[in-house]
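Residues per chain are reported as follows:
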Amino acid sequence: GECAQTWSRCREYFDGDRNPHDAPGNLLRFDFDYAPQLTSDTLIDTIPYGSGKFTQHVMTSVDSPYLDVDNPLAQPGGVDVAGDHIREPTWSEGAASVMNLFSAYGCDAGSANQPPRFVAEYDDEGSTVSADFRVVSEVHCHYSQPCTIRLNISDFEMDGAGRDGAVDSNACPAGQSAPCLSSDTISIEPAYGRTELGSSEISQWITNGLCVGVGRLSCLFRLEKFDFNRNGNYWEQNVIGKVFIECFVAVDKHPSSSAPAKRTCRSLPMCVKFIMEGSPPAFVPPTPLEANSRDEEGRLVPGRSDVAACLGHPLDLTIAAEDPDYQEETRLFVWDPDVDKDLYPTINTLGDMAYVVDGGDYNQDFFSSATVTGPPQCGQFAAFGGVLTGRGAGQSTVDPMLSEASTAAGVIPIKSVRAPYKTASGNRAVYTLGVQNVTVQFTPSLSPPNSFTQRTHASCTSLHDALSNPYCRERLGNADPVICAIAYDDSRLRRGRWAGERDPNGDDVRSWRRVHSNGDYASEQRCFRIVLQAPPVFVTDPAGVATPFSMDRVQDYRDSTGRESGRTVQVAVNSSRSVKFVAQDPQPRDTTTIFILEDPGVPRGMRPGQSVCVPRTTADPMCAAFDLPGPSYPDTEPFSYQNVNATSACSRAEMDVEWTPGFEEAGRTYRVCAVGRDNSPMCNGIDPKATSRGWFGETQCVNFYVVAPKIRWAQPYDLSFGATEALVGCQMEFVATALDASCRPEDACGGDGGGGGGERGP
């Protein structure tokens, strides 16, 4: 039959399962209360407890190896289908059973005595006594080092009334309170049946002689098997994945003369599981490993590094890993764990996309050619189209592909740990001895707009009409993608046993943390935020007034450096004229500064203003990636999406340049050029205009033409001027008006917007 959980004394326990309902302890063991079993039968009720009478028990343990550790019915977000934790095999599929016969003996410790007990702590100074019975029962040991555990026991007082000195002060000698210790001689011994812990291996106690003490005792036990090299103090590498069980008892020794108050009695066995482990693969240079990636609130994101993807320049991100264990090979899997589910509207529950987190809006899959329709105010981006190359680029899915074995028509074989890792095209994942590497290749561009796009003229006109700010030529940025990598070794194949994490994809593990190691060792997942970088550009309004652009250049989105895209403005002698440069960076977190170029410089008397930050608020938002994994990441879900209401303190900057030319500048043209720079050093050394202080963008120039004065009499005037009659005794007044006609009113040469230099005289 089958052990059903509804049975009164039978249920299933999964060793290694982190679900507390299915794993009552770190060690899979059966705890029986022996005393009721000794006295519940009417035939033995008259037999005194501890008389040496024993009972026999038969128990069958069933080993159900995991056939499907990848939870193929897992839903997006990491929630499994009900009842689909781990599929277990039937008897015909390889389940094994072991029948155990064991006996339970009663132990008579005497009328005022109890056997010692294993405790969690031991105070070397002797000032406190521990009554904490939550002992360690599982020890993980690396094969390169000795495997030890400190065993602590305490022998608590007990009086003739059966009161326990561990909790009841009435059992303690006068002046003492619970917990209180006896003065008995105690020791730790191997449990019955563990003959390998006998005198032939007494050296396993890292003490002089036997493990013996009075009242309480602490001994360091060192596990030694035939795989252990005593000379080198290490284990042979073939021990990886093995599990050893050692059981101990605590005993107090009493001569027969101490009876009936005290008799020698051993405690219940305390068993310890020793799990022998190897080393997981580790990421090595040139993999970026800097702790430099911060979320929206400025917190460092653990296990993630920022990598710059600079506009117009290829990104070759090399990810490399190596396994430190001798002769073990490594494979790599790189993926985008956080994408917009609109990319996959019809997910097959058996497909690998079941493991991808339901990402935020407009979050595209970095390795896909599919696109997500973006918000209108942010423009439409092309697919990232990232490509993997190199020896380790063969694996395209996180889970093993379906079994290659054929089945009945229409039946999909269940995925198995025996299934090969391969791509949809049949290319198998490649294991490499030594350093395994993949290279992520990607070139951010404006055409196709996989990373940046330009605001349309219609959009900038609409925004200008609403907010009166310059938006034409603004560059919009896509959401920064985050990709992750996991390295695996081949220890399960090489050792012929399950070596890695026992339950790598348990119900308590969310999908983005399931490593799918399937008996191998897996590295920690390492993530990389690909930060899309571009320099500032000059923006203008539909009329080309801000950052004065020629009208035929307002919709020209090409780099203005070296192009005659600026406007020539006229200014009259002794009149003031001001122009405004406005620059915008596509990254809201960057700070933009405008500079006037030394070559050609500025004319005498020109006063360039300071570069001033122009905040972008919710009334004037930007489009940018919102990245907030949360303070508990990676235990909390990664959270990234395209924010259409991003604010910015200083990604936009403006500078006013004002000048009042004198007569000596009349008839000359002066060229003034400005350049914008952000404060990001990420592209330093990649683009020639990028420095350690930031990336310089395009150059925009404005020509100031100083108009020479051209004086004429104002109209109308008296054509007979030259001879005027005047009457005796009468006051006569004559007004003559002259003006500067060098500047047409529509040129706005003067500060008042019209002609300048008017004079009057009698």
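Placed above this text is the structure.
From a predicted model like this one, the values you see are computed outputs, not experimental measurements.

What counts, and at which threshold
Residues numbered from 1 in each chain as written. Predicted model: local features only at pLDDT ≥ 70, side-chain atom pairs only at ≥ 80, totals over all residues. Heavy atoms only, no water. Helix = DSSP H or I, 4+ residues; strand = E, 2+ residues; numbered from the N terminus. Pairing = 2+ DSSP bridges. Axes fitted to C-alpha atoms, helices over the stretch in contact; angles between N-to-C directions. Salt bridge = Lys/Arg side-chain N within 4 Å of Asp/Glu carboxyl O. Buried < 20%, exposed > 50% of the residue type's maximum accessible area, 1.4 Å probe, protein only.

(A) Focus on unusual backbone geometry. For the bond running from Ala 259 to Pro 260, omega is 5°, close enough to zero to count as cis. For Pro 260, the position within the fold is in the loop between strand S11 (243-252) and strand S12 (265-266). Cis rather than trans, the peptide bond between Ser 447 and Pro 448 has omega equal to 0°. Topologically, Pro 448 is positioned in the loop between strand S22 (436-442) and strand S23 (452-454). The phi torsion at Gln 327 lies on the positive side, around 65°, for a residue other than glycine. You can see Gln 327 is positioned in the loop between strand S16 (315-322) and strand S17 (329-335).

(B) Representation of the sheet that holds strand S20 (residues 387-389) within the structure. If you walk across this open sheet you meet the 4 strands as S14-S16-S22-S20, and the pairing is antiparallel. With one partner strand each, in any of the chains shown, strand S14 (282-284) and S20 form the two edges of the open sheet. Adjacent strand axes in the sheet meet at a mean angle of 30°, parallel and antiparallel pairs treated alike. One ladder, built from 3 bridges, connects S20 with S22; its direction is antiparallel. If you follow Thr 389 over to S22, its bridge partner there is Thr 439.

(C) Representation of the pattern of salt bridges within the structure. Evaluated as defined, the whole model comprises 29 salt bridges. For Lys 253, the salt bridge is made with Glu 189, and the minimal N-O distance between the two is 3.4 Å. One end of the pair, Lys 253, is in the loop between S11 and S12; the other, Glu 189, is in strand S6 (residues 185-190), and 64 residues separate them in sequence. Judged by relative accessible area, which is 39%, Lys 253 ranks as partly exposed. It is possible to trace a salt-bridge network through shared partners that takes in Arg 304, Asp 306, Arg 529 and Asp 627.

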